Amino acid sequence: MVHELVIIGSGPAGYTAAIYAARAEMKPIVLAGALDAGGALMNTTEVENFPGFTDGIMGPELMATMQAQAERFGAEILFEDVVDVQLEGEVKTATLDDGTVYRAKALILATGSAYRELGIEDEKRLSGRGVSWCATCDGFFFKDKEIVVVGGGDSAVEEATFLTRFGKKVTLVHRRDVLRASKIMVRRAENDPKLTIAWNSEIVAINGADQVESVTLRDTVTGEERELPTSAVFEAIGHEPRSTLFQGKLDLDEEGYISVQGRSTRTSVEGVFACGDVVDHTYRQAITAAGSGCQAALDAERWLALQA
Ligand code: FAD
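Remember, predicted model here, so these are calculated numbers, not experimental data.

Oppositely charged side chains can form a pair if their charged atoms are brought close together. On inspection of all chains with the given rule, the structure shows seven salt bridges. Taking the shortest distance from any N to any O, the salt bridge between Arg116 and Glu240 comes out at 2.7 Å. Linking Arg116 in the loop between β9 (113-115) and β10 (131-132) with Glu240 in strand β18 (residues 239-241), this pair joins segments that are 124 residues apart in sequence. Judged by its relative accessible area of 40%, Glu240 is partly exposed. Across the pair Arg125 and Asp122 runs a salt bridge whose closest N-O atoms are separated by 3.0 Å. Overall, the relative accessible area of 29% leaves Asp122 in the partly exposed class.

If you want it as structure tokens, here you go:
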């Protein structure tokens, strides 16, 4: 059977695409992923900036609501990982772990991006409880608190500077004695009275029972360890778009994000559309991912109409 549309991914981008496509009678199949179904917001607690929820909403609840909304209009959702895709020609395919092949006239790719992690114990346990990868999302929770930011590039310095609006004190933890960030960003950081840089330091432990209470820092030169009290650890050590599946099959940019044409969600391959964080270098928010999921469904619908 050849479906009209298969969507890969079930974060805000994939589910929004599914809601729009299902309401347009395209009977979309959503290949949602297995362990990561629901996307990045499954790893957080309160989401306060998604419009429509005056008192905020828990990340997993928001995703369950989006899933139910897509199902209400007839989207079929399968909690399976896609292990291979074939994008060329009139019929595209997505193959699951068990060898099942889904065929479709159009595909929407919404596989998101993965934030790099420090890979230390308790980081996952305290995610959403002080450990965060998004200052825009979570900075507001740490008004007048001590905050730690990890990283040394432009985004780390930008996050640290931004967080001084909220925190009593922000400490930027960096492994070396010089930042990789651009000169102008470094100057801004150095002139910020609320910002301190812990040079030659790495985080070896994040401590706290239910919430982050402190980090253990190790001096990368002397090996000496010390404890730094903090309520939050913002990790700004990079992210990787989940685009490995598509490598060599459509155009990716130099960082591996899927390239799209202009303001559309059209990729370099006819009938294949991409949305959300797997495309987005800049905003990486649930609402922007949802917005581009809507665009992808509309682009796919219009493209399919032209093929008829
Ligand atoms: P994702 O949500 O990452 O979803 C990707 C989807 O692709 C997943 O369903 C995964 O299962 C699926 N997938 C990947 N590979 C495959 C495959 N091979 N086969 C099948 N499926 C696959 N943003 C806000 O606006 N507000 C917040 O408060 C906020 N808090 C955050 C807190 C945390 C801890 C994190 C990590 C992010 C937060 N964000 C927040 C950012 C927001 O979560 C992302 O911008 C958004 O989820 C991106 O949506 P997406 O649909 O593009 O990708």
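Let's pick the thread back up.
For strand β11 (residues 146-150), the tally of buried residues reaches four of five residues, placing the bulk of the element in the interior. In the sheet, β11 pairs with strand β12 (residues 169-173) via five bridges, with the strands oriented parallel. Directly across from Val150, in β12, lies its bridge partner Val173. With respect to chirality, the unit in which β11 leads through helix α4 (residues 154-163) into the neighbouring parallel β12 is right-handed. Pairing geometry for β11 and strand β17 (residues 232-235), over four bridges, is parallel.

Our next topic: the confidence of the model for the protein chain. Averaged over all residues, the pLDDT of the protein chain is 95; the fraction at 70 or higher stands at 100%. Predicted as a complex, the structure gets a pTM of 0.87 and an ipTM equal to 0.99.

Glancing now at the sheet that holds strand β14 (residues 201-207). As summarised here, the arrangement of the three strands in space is β14-β15-β16, forming an open sheet in which the pairing is antiparallel. Either end of the sheet is taken by a strand with one partner, and the two such strands are β14 and β16 (225-229). Here the average twist between neighbouring strands, direction ignored, is 30 degrees. One ladder, built from six bridges, connects β14 with strand β15 (residues 214-219); its direction is antiparallel. Across the sheet, the residue bridging to Glu202 is Arg218, located in β15.

Glancing now at unusual backbone geometry. Of note in the backbone geometry, Asp122 takes a positive phi value of approximately 75 degrees without being a glycine. Looking at the element boundaries, Asp122 is found in the loop between β9 and β10. The backbone of Asp144 shows a phi angle near 60 degrees, a positive value even though the residue is not glycine. Locating Asp144 in the fold gives a position in the loop between α3 (135-138) and β11. Residue classification places Asp144 among the exposed positions, given a relative accessible area of 59%.

Now for the side chain of Ser231. Of note, Ser231 is situated in the loop between β16 and β17. Owing to a relative accessible area of 19%, Ser231 belongs among the buried residues under this scheme. What Ser231 contacts, discounting residues up to four positions off in sequence, is Gly130, Phe142, Lys145, Glu146 and Val212.

Turning to the site of the ligand, a few remarks are in order. The full set close to the ligand counts 35 residues, and Ser10, Asn49, Val82, Asp277 and Ala286 are the nearest of them. Within the backbone of Ala32, a nitrogen or oxygen atom sits 3.0 Å from an oxygen atom of the ligand. At 2.9 Å from a nitrogen atom of the ligand is found a side-chain nitrogen or oxygen belonging to Asn49. Compared with its free state, where it exposes 1,000 Å², the ligand has 96% of that area covered by protein. Looking at the shell around the ligand, the elements with two or more residues in it are α1 (12-23) and α6 (286-307). Here the residues of the shell around the ligand sort into 16 nonpolar, 13 polar and six charged.

Calculation criteria
Residues numbered from 1 in each chain as written. Predicted model: local features only at pLDDT ≥ 70, side-chain atom pairs only at ≥ 80, totals over all residues. Heavy atoms only, no water. Salt bridge = Lys/Arg side-chain N within 4 Å of Asp/Glu carboxyl O. Helix = DSSP H or I, 4+ residues; strand = E, 2+ residues; numbered from the N terminus. Buried < 20%, exposed > 50% of the residue type's maximum accessible area, 1.4 Å probe, protein only. Pairing = 2+ DSSP bridges. Right-handed = clockwise from strand over helix to strand, strands pointing away. pLDDT = per-residue confidence, 0-100. Axes fitted to C-alpha atoms, helices over the stretch in contact; angles between N-to-C directions. Contact = heavy atoms within 4.5 Å. Near = heavy atom within 4 Å. Polar contact = N/O pair within 3.5 Å; in protein donor to acceptor, adjacent residues only side chain to side chain. Areas by Shrake-Rupley, 256 points an atom, 1.4 Å probe, with all protein chains shown as cover. Nonpolar A, V, L, I, M, F, W, Y, C, P; charged D, E, K, R; others polar.

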